[in-house]
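Structure assessment
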Amino acid sequence: MDIISALFVVFVVVFAIIYYIVPKKLQWIVLLVASMFFYISTSALLSLLMLVTTAITYVGALIIQRNKDRYIIRRREVPKEERKKLKECFNKKQKTILTVIVLLIISGLAFTKYSNFIGGILNAICGIFNGPSIFPTFNIILPLGISYYTLMTISYVVDVHRGSINAERNPFKLLLFVTYFPHIMEGPFDRYKNLSKQFEKPHIFSYYNAVNSIELIIYGYFKKVFIADTVGTLVNIEYENILDSSGTVVVMVALLYTVQLYMDFSGCINIVSGVSELFDIKIADNFKQPFFSKSIDEFWRRWHISLGLWLKEYVFYPISLSGSYKKISKWCKNTNIKFVADFIPLAYSLFFVWLFNGLWHGASVKYIAYGLYYYVLMMLGKIFEPLFYKACCRLKIHRDTKIFGAFQIFRTFVIVNIGMLLFKSETLNVFGILMSKIVTSVNVHDIISVLLISKKALISLAAALIVLIVDLLKEKNIDIRMWLQNHCFIFRWIVLLFLIFALLLFGNYGIDSGKAAALYAQF
């Protein structure tokens, strides 16, 4: 069941009605039934892998919790001088159990998404030594949301291990957390302690909440169907012969693909966030006007926010507390060079964060390069920041002016578009060819020829200005939905009807429309 379909709208309406009719203590069961129906109808037998992962997570968390409870009781019984040794044994045992559970959880994702990639690397190594290719290639269909629910279940067991939450005793409540249908397809990543409280409390229907939710859903469809899918059609047409095109066309494709991906991903997040709000459940934010960022660091704090927070919490922090990190940090401090002591340990931790970021997006060298592209730029930024600051001082450039801020936003936008071109390219070789075209083959007249291919795409690009204005208002701390709510009833519905008619008149529909499924669902 695609979230960009009439069937999904009917599905949401039906279960929303049931949700508010049943007794309040049964509402979470309605959500569970809806989520399981959505998942099974989409994934069929592949749902078994999700159920196995949930079962491993449930049992593993209970084992961790039981050992922790036993340790607390045991600690009270032993003499004080033995407590340190008891704690060391407990921590070692808990880490072993956690490691085994996490490896079991990851195994499903590793096989379905990365087995061919790993097998290809091993076959290439065999080829270097003139050996045969011994690892077969599997034709694997990825289960719906496996990259998302795998990381969410890992966060759950790690949080139980850390003591942030207690293990859930009811397996069906944990299953609801894993399969909650608004976030199962492409996020955002949610924490169990944030959602479980909302699942358990009673929810009463509110007209204003429903209208706010519908506004967000329609706005999401406006971004996805009207803008992203229409612009995507133009991107697909131009990309078919991109290697024979000029550098100007390459730049146009990169810009258009950036528009497509942002409108697609953020639009789908708006849809699922609105659907969740319709059930009075608030899921995590995933975007915060990323194209107003003044640096790459800031961009990734605003783009796919929940993934960034997950990587920070469950990759960066564990590595920063690891034995290898402590050894590196100690060695760097012994050099008595402040820059070395600060930079190298940070670079070590962030390397794994960005490597994981790239691998999460896909099982290929291209995606690894995509993650490390941002890593290298961030590290270069930190290396040259003192020199850049001194240069600004000598040239009397004030870094807090609007002009300099606009320059920083433009610079970040250019860097992001290069990253998007890498993201779109099939291979690193193709990306290299396209980058060389940008600097060697320029034809300004191609800008007009590309835009004239589709009048509908031109209208969609004009509509993208509406999104830009909305983001600009948000950047100035103006909540557009609250603003609409505070205006008269007629004006509010005029805005809604405008978005609906724009969808009906200019939305990308039909067999030959180039309509695409949610782009980030494949990751």
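This is a predicted model, so every value here is computed, not measured. (Residues numbered from 1 in each chain as written. Predicted model: local features only at pLDDT ≥ 70, side-chain atom pairs only at ≥ 80, totals over all residues. Heavy atoms only, no water.)

What follows covers the overall build of the protein. For the protein, the count of helices and strands is 21 helices and zero strands. Across the 523 residues that make up the protein, the buried fraction comes to 48%. Sequence separation of 24 or more characterises 78% of the internal contacts of the protein that already satisfy a separation of 6 or more. For the protein, the exposed surface amounts to about 26800 Å²; the carbon and sulfur share of it is 68%. Taking the 54 positively charged and 32 negatively charged side chains of the protein as two groups, their mean positions are separated by 9 Å. (Helix = DSSP H or I, 4+ residues; strand = E, 2+ residues; numbered from the N terminus. Buried < 20%, exposed > 50% of the residue type's maximum accessible area, 1.4 Å probe, protein only. Contact = heavy atoms within 4.5 Å. Areas by Shrake-Rupley, 256 points an atom, 1.4 Å probe, with all protein chains shown as cover. Lys, Arg positive; Asp, Glu negative; His and termini not counted. Charge placed at Lys NZ, Arg CZ, Asp CG, Glu CD.)

Per the counting criterion, the structure on display carries 13 salt bridges. Between R302 and E475 there is a salt bridge whose closest N-O contact spans 2.9 Å. Here the residue R302 occupies a position in helix 11 (residues 296–302), and E475 occupies one in helix 19 (residues 455–475), the gap between them amounting to 173 residues. According to the relative accessible area criterion, R302 is buried, its value standing at 11%. (Salt bridge = Lys/Arg side-chain N within 4 Å of Asp/Glu carboxyl O.)

Per-residue confidence for the protein gives a mean pLDDT of 87; residues scoring 70 or more make up 95%. Ranking the elements of the protein by mean pLDDT puts helix 18 (residues 445–451) last, at 73, and helix 6 (residues 171–179) first, at 96. Scored below 50 in pLDDT, residues 510–515 makes nine contacts in the model with residues more than four places away or belonging to other chains. (pLDDT = per-residue confidence, 0-100.)

Attention now moves to the packing of aromatic side chains. One pass over the full model with this rule turns up 52 aromatic pairs. Ring centres 6.5 Å apart and planes at 70° place the aromatic pair F8 and F181 in the edge-to-face group. Here the residue F8 occupies a position in helix 1 (residues 6–21), and F181 occupies one in helix 7 (residues 181–184), the gap between them amounting to 173 residues. For the pair F8 and F181, a shared accessibility class is recorded, and that class is buried. Note that K173 overlies the ring of W28, its terminal NZ or CZ placed 5.5 Å from the centroid. Over the ring of Y239 we find K424, and its NZ or CZ is 5.1 Å from the ring centre. (Phe/Tyr/Trp six-rings, centres within 6.5 Å; stacked < 30°, edge-to-face > 60°. Lys NZ or Arg CZ within 6 Å of the ring centre and 35° of its normal.)

The nonpolar side chains of a soluble globular protein tend to be buried, and buried together. Formed by 136 residues in total, the largest nonpolar core has its most connected members in F8, F38, Y156 and F279. The leading source of residues in this core is helix 10 (residues 247–278), at 17 residues. Beyond its immediate stretch of four places on either side in the chain, F38 contacts M1, I3, F8, F11, L144, F181, I184 and M185. (Core = buried A, V, L, I, M, F, W, Y, C linked by side-chain atoms within 4.5 Å.)

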